[in-house]
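Working through the structure, step by step
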Amino acid sequence: NDADPSVVSVLYKDTLATAFGLAMNLRYVGMHWSDEEFAQLARVLPHGRQCIRLNFKGAHNQYTARSAKVLAELLRSGAMPKLEVLGAGCTAKDSADPRPLMSDPDLQAACEARGISLQRDAD
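The structure reproduced in this document is the subject of the present report. (Residues numbered from 1 in each chain as written. Predicted model: local features only at pLDDT ≥ 70, side-chain atom pairs only at ≥ 80, totals over all residues. Heavy atoms only, no water.)

**A word on the environment of arginine 53**
Position of arginine 53 among the secondary structure elements: in strand β2 (residues 53-55). Sequence separation between arginine 53 and lysine 82 is 29 residues, and the spatial gap between their C-alpha atoms is 8.8 Å. The contact partners of arginine 53, leaving out residues within four places of it in the chain, are Met24, Asn25, Leu26, Leu83, Val85 and Ala122. (Helix = DSSP H or I, 4+ residues; strand = E, 2+ residues; numbered from the N terminus. Contact = heavy atoms within 4.5 Å.)

**Considering the side chain of asparagine 55**
Summarising the element assignment, asparagine 55 is placed in strand β2. Residue classification places asparagine 55 among the buried residues on the basis of a relative accessible area of 1%. Reaching out from asparagine 55, the side chain makes a polar contact with the side chain of aspartate 121 at a distance of 2.8 Å. Apart from the residues lying within four places of it in its own chain, the contact partners of asparagine 55 are Leu26, Arg27, Tyr28, Val29, Gly87, Arg120, Asp121, Ala122 and Asp123. (Buried < 20%, exposed > 50% of the residue type's maximum accessible area, 1.4 Å probe, protein only. Polar contact = N/O pair within 3.5 Å; in protein donor to acceptor, adjacent residues only side chain to side chain.)

Written out as structure tokens, the structure reads:
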């Protein structure tokens, strides 16, 4: 491929900033993701400037308190400034903590400080 990496990088960033940045609803429902995949997504979530509903609901996600801490820090930093509803009722059904995001005190506090409604489902 003869593509100039710097041009490709700029095009990718522009696409992310416009397409992802203008999305009002983001759904990551039942993705079978772990904390590692959540951390990767967390790197782009700050670009979701217009997002008002973010949903991580689903019985097949494997998030733990580690993901909750990452999300809480993002919210405290001011990421996703228009976010109104966070759907966070997610984990494997056999997990020790059936709702690791919703039950995390840091995430609860971050949502409360921003006036974000923390719910099981954001749909």
